[in-house]
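Secondary and tertiary structure notes
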Amino acid sequence: MPLSLEQVRRIAELARIGISDAEARAVQAQLNNIFELIGQMQKVDTDGIEPMSHAQGLTLRLREDEVKETDQRELYQSVAPTGTVEAGLYLVPKVIE
Amino acid sequence: MLNASLKELSSALARKKISSAELTRLFLDRISKLNGALNAFITIEEEKSLAQARAADQRIAKGGAQPLAGIPVAHKDIFVTKGWLTTCGSKMLSNFVGPYDAHVIGRFNDAGAVILGKTNMDEFAMGSSSETSFYGPVKNPWDEECVPGGSSGGSAAAIAARMAPAATGTDTGGSIRQPAALSGLSGLKPTYGLVSRYGMVAFASSLDQGGPMAKSAEDLAILLNCMAGFDARDSTSIERAAEDYTRDLDQPLAGLRIGVPKEHFGAGLSSDVGKAVEAALAQFEKLGAKRVSINLPNSALSVPAYYVIAPAEASSNLSRFDGVRYGHRAKEYRDLADMYRKTRAEGFGAEVKRRILIGTYVLSHGYYDAYYLKAQKIRRLIADDFLAAFRQCDVIAGPTSPTVAFKIGAKTADPVQMYLNDIYTIPANLAGLPGMSIPCGFGTGNLPVGLHLVGNYFSEAKMLNVAHQYQRATDWHRRVPAGIES
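**Section: the overall build of chain B**
Per the secondary structure count, chain B includes 15 helices and eleven strands. At 21 Å, chain B has a C-alpha radius of gyration in line with the 23 Å of a compact globule built from 486 residues. Taken along the three principal axes of its C-alpha coordinates, chain B extends 65 × 55 × 45 Å. Considering chain B as a whole, with its 486 residues, one finds that 61% of them fall into the buried category. Considering only intrachain contacts with a sequence separation of at least 6, the fraction spanning at least 24 residues in chain B is 76%.

**Let's talk about the overall build of chain A**
For chain A, the count of helices and strands is three helices and two strands. In sequence order, chain A lays out its α and β elements as α-α-α-β-β. Since a compact globule built from 97 residues should have a radius of gyration of about 13 Å, the 23 Å found for chain A marks it as more spread out than a globular shape. Considered along the principal axes of its C-alpha atoms, chain A spans approximately 55 × 45 × 25 Å.

**Describing helix H1 (residues 6-14) of chain B**
Residues that lie three or four places apart on an α-helix share one face, since the helix turns once every 3.6 residues. Residue and element names in this part refer to chain B. Taken as a whole, H1 has its buried residues at Leu6, Leu9, Ser10 and Leu13. Buried positions in H1, seen along its axis, are confined to an arc of 100° and lie on one side of it. Against the buried residues of H1 lie helix H2 (20-38), helix H3 (46-62) and helix H7 (217-227).

**Re the packing of H7(B) against helix H15 (residues 460-473) of chain B**
All names here are of chain B. With their axes 8 Å apart at the nearest point, H7 and H15 run at an angle of 155° to one another. The pairing of H7 with H15 is recorded here as roughly antiparallel in orientation. Of the residues in H15, those touching H7 at Ala217, Glu218, Leu220, Ala221 and Leu224 are Glu460, Leu464, Ala467, His468 and Gln471.

**Quick notes on the pairing of strand S7 (residues 257-261) of chain B**
One face of the sheet, then the other: side chains in a regular strand alternate in exactly this way. Residues and elements named next belong to chain B. By the bridge criterion, five bridges tie S7 to strand S8 (residues 290-294) in an arrangement that is parallel. Within the sheet, the bridge partner assigned to Ile258 lies in S8 and is Arg291. Chirality of the crossover, the property in question, places the unit of S7, helix H8 (residues 271-286) and S8 among those that are right-handed. Pairing analysis gives two bridges linking S7 to strand S9 (residues 395-399), with the strands arranged parallel. Residue pairing for S9: Gly259 is matched across the bridge by Ile396.

**Quick look at the interface of chain A and chain B**
If you look at the interface, chain A gives 40 residues, while chain B gives 52 residues. Those elements giving two or more residues to the side of chain A that touches chain B turn out to be helix H1 (5-14), helix H2 (21-38) and helix H3 (73-77) of chain A. Top contributing element to the side of chain A that touches chain B by residue count: H2(A), with seven residues. Of the residues that constitute the side of chain A that touches chain B, the class distribution is 28 nonpolar, nine polar and three charged.

**With respect to the packing of H2(A) against helix H11 (residues 350-362) of chain B**
In the contact formed by H2(A) and H11(B), the axes pass within 11 Å of each other and the chain directions differ by 60°. One finds that H2(A) runs oblique with respect to H11(B). The element H2(A) and its partner H11(B) pack so that their crossing is right-handed. Of the residues in H11(B), those touching H2(A) at Val27(A), Gln30(A), Leu31(A) and Ile34(A) are Arg354(B), Leu357(B) and Ile358(B). Classifying every residue of the contact of H2(A) with H11(B) gives five nonpolar, one polar and one charged.

**A few points about unusual backbone geometry**
Residues and elements named next belong to chain B. The step from Gly150 to Ser151 runs through a cis peptide bond, and the omega angle for that step is 15°. Tracing the chain through its elements places Ser151 in the loop between strand S3 (114-119) and helix H5 (153-160). One non-glycine residue with positive phi stands out, namely Lys16, at about 60°. Along the chain, Lys16 turns up in the loop between H1 and H2. Positive phi values are uncommon outside glycine, yet Asn446 reaches one of about 55°. Within the element layout of this structure, Asn446 appears in the loop between strand S10 (435-443) and strand S11 (447-455). A residue is classified by how many C-beta atoms lie within 10 Å of it, and Asn446, with 12 of them, is exposed.

**A word on the nonpolar core**
Residue and element names in this part refer to chain B. Core analysis: the biggest nonpolar cluster contains 161 residues, and Val73, Ala158, Ile159, Ala164, Val308 and Leu453 have the highest contact counts within it. In terms of residue count, the dominant contributor to this core is helix H9 (residues 302-317) (nine residues). Those residues within four positions of Val73 in sequence are excluded, and the remaining contacts are Phe108, Ala113, Val114, Leu116, Ala164, Ala166, Ala167 and Thr168.

**Here's the deal with the environment of Ser237(B)**
Residues and elements named next belong to chain B. Mapped onto the elements, Ser237 comes out in the loop between H7 and S7. Considered as a pair, Ser237 and Tyr198 are 39 residues apart in the sequence and their alpha carbons are 9.2 Å apart. If sequence neighbours within four positions are ignored, Ser237 has contacts with Gly193, Ser196, Phe230 and Asp231.

**Examining the environment of Ile423(B)**
Residues and elements named next belong to chain B. Relative to the elements of secondary structure, Ile423 occurs in the loop between helix H13 (415-419) and helix H14 (426-431). The spatial distance from the C-alpha of Ile423 to the C-alpha of Gly435 is 13 Å, given a sequence separation of twelve residues. Here Ile423 is in contact with Gly268, Ser302, Val303 and Pro402, once residues within four sequence places are set aside.

**Some points on the confidence of the model for chain A**
Detailed reading of the predicted coordinates is not advisable wherever pLDDT is low. The predicted model of chain A averages 92 in pLDDT, with 100% of residues at 70 or higher. Here H3(A) is the element of chain A with the lowest mean pLDDT, 93, and H1(A) is the one with the highest, 97.

**A look at the environment of Met52(A)**
Assignment of secondary structure puts Met52(A) in the loop between H2 and H3. Residues contacting Met52(A), with those up to four places away along its chain left out, are Gln376(B), Arg379(B), Arg380(B) and Ala383(B).

**Looking at H2(B)**
Residue and element names in this part refer to chain B. The terminal C-alpha atoms of H2 lie 25 Å apart, and with 19 residues this matches the ideal 27 Å at 1.5 Å per residue to within 8%. In the structure, H2 departs most strongly from a straight axis at Ser32, where the bend amounts to approximately 35°. Taken together, the buried positions of H2 are Ser20, Leu23, Thr24, Phe27, Leu28, Ile31, Leu34, Asn35 and Leu38. On its buried face, H2 sits against H1, strand S1 (41-43), H3, strand S2 (72-76), S3 and H5. Following H2 by one or two positions, Asn39 adopts a phi angle in the positive range, close to 60°.

Definitions and cut-offs
Each residue is numbered by its place in its chain's sequence as written, counting from 1. In the order they appear in the text, chains get letters beginning with A and ligands get numbers beginning with 1. Restriction of local features to residues with pLDDT of at least 70 applies here, the model being predicted, together with a cutoff of 80 or more for giving and counting side-chain atom pairs; totals for whole chains, interfaces and linings are based on all residues. A run of H or I in DSSP counts as a helix once it spans at least four residues, and a run of E counts as a strand once it spans at least two, with each numbered from the N terminus. Atoms counted for the radius of gyration: C-alpha only. Globule rule: 2.2 Å times the number of residues to the power 0.38. Working definition of burial: number of other C-beta atoms within 10 Å of the residue's own, with buried at 20 or more, exposed at 12 or fewer, and partly exposed in between, all C-beta atoms being placed from the backbone. It is the C-beta atoms, placed from the backbone, that decide contacts: two residues are in contact if theirs lie within 7 Å. Think of the arc as the fan of directions from the helix axis to the C-beta atoms. To define axes, lines are fitted to C-alpha atoms, for helices over the stretch in contact only, and angles between the resulting N-to-C directions are given on a 0 to 180 degree scale. To sort the angles, those under 35 degrees are grouped as roughly parallel, those over 145 as roughly antiparallel, those from 65 to 115 as roughly perpendicular, and the leftovers as oblique. At least two DSSP bridges between two strands are needed for those strands to be called paired. The crossover handedness rule: strands pointing away from the viewer, path from first strand over the helix to second strand clockwise, crossover right-handed. Side-chain classes are defined by residue name, with Ala, Val, Leu, Ile, Met, Phe, Trp, Tyr, Cys and Pro counting as nonpolar, Asp, Glu, Lys and Arg as charged, and the others, Gly among them, as polar. Less than a right angle of anticlockwise turn of the near helix away from the far helix marks a crossing as left-handed, whereas a clockwise turn marks it as right-handed. Structurally, a nonpolar core is described as a collection of buried Ala, Val, Leu, Ile, Met, Phe, Trp, Tyr and Cys residues joined by way of C-beta atoms within 7 Å. A residue's pLDDT is the confidence the predictor assigns to it, expressed on a 0 to 100 scale. Multiplying 1.5 Å by the residue count of a helix minus one yields the expected span of that helix. We define the bend at any residue as the angle between the axes fitted to the seven residues before and including it, ending there, and the seven starting there.

Here it is, written out as structure tokens:
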């Protein structure tokens with residue numbers, strides 16, 4: 001079932017990407033073409049097939065709980081968007097009144 | 001020097017025929033001369049490169065330096081590089097100076113190699129033409145009206161135009177192999193987990209793999225020796241003993257079983273590419289290999305499954321770009337949600353947005369089973385096809401890409417047409433298998449054709465042997481684009 005314009009807007013909102021009406025209309029047609037391609041998957045019977053999430057079937061490694069990283073706050077904050085760091089904190093719009 | 005192999009460069013440096021500073025200067029001058037037209041590099045930092053070269057010269061003078069000491073290598077701008085702008089081809093990271101080195105960059109630094117520059121690429125590695133870059137499209141040195149392939153197109157164009165002796169790339173669905181094919185180079189995507197992803201800007205984490213791009217298989221082996229190896233900072237890095245990937249280069253191919261998948265020679269394969277690949281298979285038979293017909297019956301489903309899995313993982317990975325701690329932030333906004341929306345609307349290009357939207361949708365409530373889970377089941381079928389095939393053959397061969405390089409702009413309006421470029425390369429990513437492309441002739445417009453090889457897990461040394469023996473018998477990999485005098 002093709003995506004409606006309303007669905008496209010809803011997905012963009014979930015992805016936190018601002019989208020104009022003209023952009024939504026343009027991307028709607030492209031997404032529907034892509035989902036037609038993706039829809040080819042439904043032709044195959046995959047009952048009983050074990051999903052493959054990863055190529056190597058690895059389990060996550062464990063490590064000793066020891067300190068390895070040193071504090072790099074200043075280094076990392078040096079690449080923050082200009083004017084958005086104050087007293088070692090990242091500034092964002094107020095979220096709690 | 002511009003056409004020299006890595007072995008020749010290493011020997012010239014060791015015998016003081018040239019210094020690393022002179023060699024680096026030579027390639028920097030090539031870049032100043034040619035990059036304006038080709039747009040292969042995003043960032044050049046002559047002083048930084050030359051300082052590294054002078055340090056390498058001191059190491060070489062002491063004797064016993066490693067094979068890559070003093071050799072300039074270009075790096076795809078997806079590898080975070082300390083003190084260097086690292087953009088990933090995106091406006092989102094257009095102000096991002098790397099605060100640390102990716103594992104791969106660290107390995108090259110430790111080996112004494114010189115960072116020659118950061119190469120252009122499709123934005124966040126999403127593309128097959130290097131046209132989606134915020135920094136503009138890369139031109140193919142074989143025909144500047146054509147794309148070099150992508151997403152590692154800047155690395156490909158840099159080597160093809162002899163602006164760099166070697167380069168790094170990354171491959172999520174074909175992004176090393178397809179540009180290698182379209183630009184007349186050799187490129188290797190290793191087994192998933194062989195090269196650490198630490199510091200490699202994430203696109204689709206279960207598929208992304210870094211690898212080398214160069215003029216020959218022998219060069220690839222030397223580069224892979226440097227890049228491969230366990231790294232605890234990558235949770236999917238594989239712990240296994242180090243190998244010397246050059247060890248089997250000189251083995252004869254007598255008795256080698258080459259599997260040829262019927263599904264990769266059907267409709268959609270352009271006849272000029274098919275002809276060159278057939279000639280390469282005949283050449284392998286002359287070298288003593290045996291041709292075995294195999295089937296990869298679920299191959300055609302790899303593109304649909306990939307365009308669920310890769311965007312799903314991308315939508316999650318790219319959620320980190322919110323304008324808070326680094327990267328682009330919108331100038332004006334009403335509140336936090338508005339800041340996110342505007343930052344991401346401004347920072348991402350159209351193709352990246354499309355893929356985030358696809359991924360967001362397939363992972364949204366109620367659609368998981370129909371899309372993501374279904375795609376993972378198909379991924380299993382595709383991997384099982386390969387396992388069955390490798391019971392009949394040692395290596396699989398076919399075309400890397402259905403066509404030679406296409407004109408800039410020819411496929412940008414139709415994403416599905418662009419996606420189908422990777423139909424022969426995507427299956428290896430889904431299965432996690434090593435794949436490579438080597439030049440095997442020329443097609444329409446006198447543009448290069450690539451031969452695609454897929455091997456079993458961890459069989460890189462064997463694949464490099466197969467490619468090297470082919471390159472000893474042919475000279476396609478030595479051809480240089482017309483007008484690129486060297």
